Amino acid sequence: MADQILICRCEDITKERLLEVIAEGYETIDEIKRATRAGMGPCQGRTCRQLIAQELSKIYGVPMEEVLMPTFRAPVKPISMGTLADAHKKGGE
Amino acid sequence: MKKAYDIIIVGGGIVGCSIAFEMAKRGHSNILLIERGYLSGGATGRCGAGIRQQWGSVLNATLAVESTHIFENLEEYTGYKGNCGLNQAGYLLIACTEKEWDQFQKNLEVQHQLGVDSYPVDLEKDVYKYVPFINTDGIYGATFCQKDGHADPFHCTFAYAYGARQLGVDILTYTEVLSLKAEGGKIKGVSTTKGDFEAPMVINCANAWAPGLAAQVGDEIPVFPERHQALVTEPVAPMGPNGPMPMVMSFHRKFYVQQSPHGSFIMGIAETEPVSFNIRSSWQFLEECCGVICDTLPALRGLRVVRQWAGLYDMSPDRNPIIEFSKNAEGLITICGFSGHGFMVAPRTAILVAKHLCNEQDDLDIKRFSADRYRTGELLLEPSVV
Ligand SMILES: Cc1cc2nc3c(=O)[nH]c(=O)nc-3n(C[C@H](O)[C@H](O)[C@H](O)COP(=O)(O)OP(=O)(O)OC[C@H]3O[C@@H](n4cnc5c(N)ncnc54)[C@H](O)[C@@H]3O)c2cc1C
């Protein structure tokens, strides 16, 4: 049951799936993100990065600071295409 | 870990991984692949991963068509248990001028010679059957091919890497090749952040960084880095007629936009960029990309952008790849210059290289890809590229 805990809420990634990809040999948050989509949803990994890092730190016995952290990518908050498109039109005139 | 191999491959993108697999498949698996970061962490993992067969030159169409056949069952081909995410929702290519439309007619002829099922779409009656909410103002004509689409660039790379490993290839990630070692006109191996490795053959698949490595032995590869950006929206319900919206692409308006099976829209535009290794994202891109694309597809205005990123195109003078056999260090092969469409042609390009190295017959002539073409003028010209 414990393995059904959600690690990434946006993309529905459970702890079970996380342990599965770690067993397959994915070693860093960057790799796990690409293999599972964890951290690619609307919140962009705000919660799951920490949880995945903790798991990796435990399994590989490395300190949290050494677990390779992926880059945060803009925009920091979701923003609509229409708003951005209008900003473009204004800038262009 | 072994210190000597038959072949060292530099670069763990789709090109390096597919070549490792194709060589191993042919019985040559004493290979070490070295990647600076994680597999797919270069251009491959930053790309739109669009796969189109609607090309204008026989060469590109052939590479793309034969690669598509491999993408169609890449999991089985490599034995990979994950899902490579191929989605053949089609490409709708739009022409915005009469001249561009004339070119599309010629492209269709080339495509039909190769058996591609592409065709013109009536803008008044039929275009809505493909992209229900397109604004056709200023559009002159359009063509469609259902078998075009896109795949998951991470899993495609992982699939090739998995297949290669199963066959005995060693893969070293988070390891940078610092220099190439050559002696007496022959390649001897590489120095890395994890020590030296020897091999009589080095295949340089480091994309935009490949020319820098090749220059160490005196090879001049005329390929330059150029930033290209992309963005992705939140996932929404399928917006195509029977599933995700097909790719919509315009060379004239310089954009592409597609919906992934997961529901998010991935898109990009071609900006004017200086030669640079810069891969920072810009606000200008966000606004311009949304502006250009919302003009053609106003229905996307409500979608929220969740992430943007940038990667490098490895631009060659004729915007087609270079496969160069070093004259200064025999045994060194440099493969780069895919100029923004390397993902979709990688499977067939890897076969081209592997067949050549294994003395197998091939219908395509690998010599045409040499950088010598910039001296002789026998360029690989392509009329339809963003
Ligand atoms: C925004 C964007 C959109 C794109 N869209 C498409 C598309 O829709 N369809 C398409 O077909 N193509 C597209 N492309 C192009 C495509 O991404 C590339 O042509 C393709 O991925 C090239 O693969 P590669 O393996 O040669 O390069 P890469 O994936 O860049 O692999 C090279 C690897 O070499 C590694 N490396 C470099 N130097 C060293 C070193 N010294 N030591 C060790 N490792 C090193 C890098 O870390 C990198 O992982 C796009 C590209 C971008 C940037």
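Keep in mind it's a predicted model, so treat the numbers as computed, not measured.

Residues and elements named next belong to chain B. Near the ligand you find 35 residues, and of these E35, T44, G50, N207 and M344 are the closest. Measuring from an oxygen atom of the ligand, one finds a backbone N or O atom of G42 at 3.4 Å. In this structure, F343 approaches the ligand through a main-chain N or O atom, which is 3.1 Å from an oxygen atom. Computed on the free molecule, the ligand has an accessible area of 1,000 Å², of which 97% lies beneath the protein chains in the complex. Those elements that place two or more of their residues in the shell around the ligand are helix 1 (14-25), strand 17 (304-315) and helix 9 (342-357). Across the shell around the ligand, the residue classes break down as 17 nonpolar, 14 polar and 4 charged.

Right, let's get into the interface of chain A and chain B. Chain A puts 27 residues into the contact, and the matching count from chain B is 30 residues. Summing both sides of the interface, chain A and chain B together bury roughly 2,700 Å²; the carbon and sulfur share of this comes to 63%. When the area that chain A buries against chain B is broken down by residue, the three leading residues are A:R34, A:M81 and A:L84, summing to 26%. Run the count over chain A and chain B and you get 2 salt bridges. A salt bridge links A:D86 to B:R301; the nearest nitrogen and oxygen atoms lie 2.8 Å apart. Only helix 2 (29-36), strand 3 (79-80) and helix 4 (81-92) of chain A provide two or more residues apiece to the side of chain A that touches chain B. Two elements, strand 3 of chain A and strand 17 of chain B, share 2 bridges in a ladder whose sense is antiparallel. By the bridge assignment, A:I79 is partnered in strand 17 of chain B with B:V305.

Our next topic: unusual backbone geometry. Even without a glycine there, the phi angle at A:Q44 is positive, about 55°. Looking at where A:Q44 falls in the secondary structure, it is placed in the loop between helix 2 and helix 3 (48-60). If you check the backbone angles, B:S40 has positive phi at about 80° while not being a glycine. The topology assignment puts B:S40 in the loop between strand 2 (31-34) and strand 3 (50-51). On the basis of relative accessibility, which here comes to 1%, the residue B:S40 falls in the buried class.

On to the domain arrangement of chain B. Residues and elements named next belong to chain B. Examined at the domain level, chain B breaks down into domain 1 (7-47 + 154-222 + 318-376) and domain 2 (87-148 + 225-315). Taking only C-alpha atoms into account, the centre of domain 1 sits 30 Å from that of domain 2. Each partner contributes residues to the interface: domain 1 has 12 residues there, and domain 2 has 10 residues. Broken down residue by residue, the surface that domain 1 buries against domain 2 is led by R46, A208 and S339, which jointly contribute 45%. Summed over the shared surface of domain 1 and domain 2, the number is 0 salt bridges. Summed over the shared surface of domain 1 and domain 2, the result is 5 residue pairs in polar contact (both at pLDDT 80 or more). Its residues placed into classes, the side of domain 1 that touches domain 2 shows 6 nonpolar, 4 polar and 2 charged.

Thresholds, definitions, all that
- Residues numbered from 1 in each chain as written.
- Chains lettered and ligands numbered in written order.
- Predicted model: local features only at pLDDT ≥ 70, side-chain atom pairs only at ≥ 80, totals over all residues.
- Heavy atoms only, no water.
- Near = heavy atom within 4 Å.
- Polar contact = N/O pair within 3.5 Å; in protein donor to acceptor, adjacent residues only side chain to side chain.
- Areas by Shrake-Rupley, 256 points an atom, 1.4 Å probe, with all protein chains shown as cover.
- Helix = DSSP H or I, 4+ residues; strand = E, 2+ residues; numbered from the N terminus.
- Nonpolar A, V, L, I, M, F, W, Y, C, P; charged D, E, K, R; others polar.
- Contact = heavy atoms within 4.5 Å.
- Buried area = accessible area lost by both parts, 1.4 Å probe.
- Salt bridge = Lys/Arg side-chain N within 4 Å of Asp/Glu carboxyl O.
- Pairing = 2+ DSSP bridges.
- Buried < 20%, exposed > 50% of the residue type's maximum accessible area, 1.4 Å probe, protein only.
- Domains from an automatic or database assignment.

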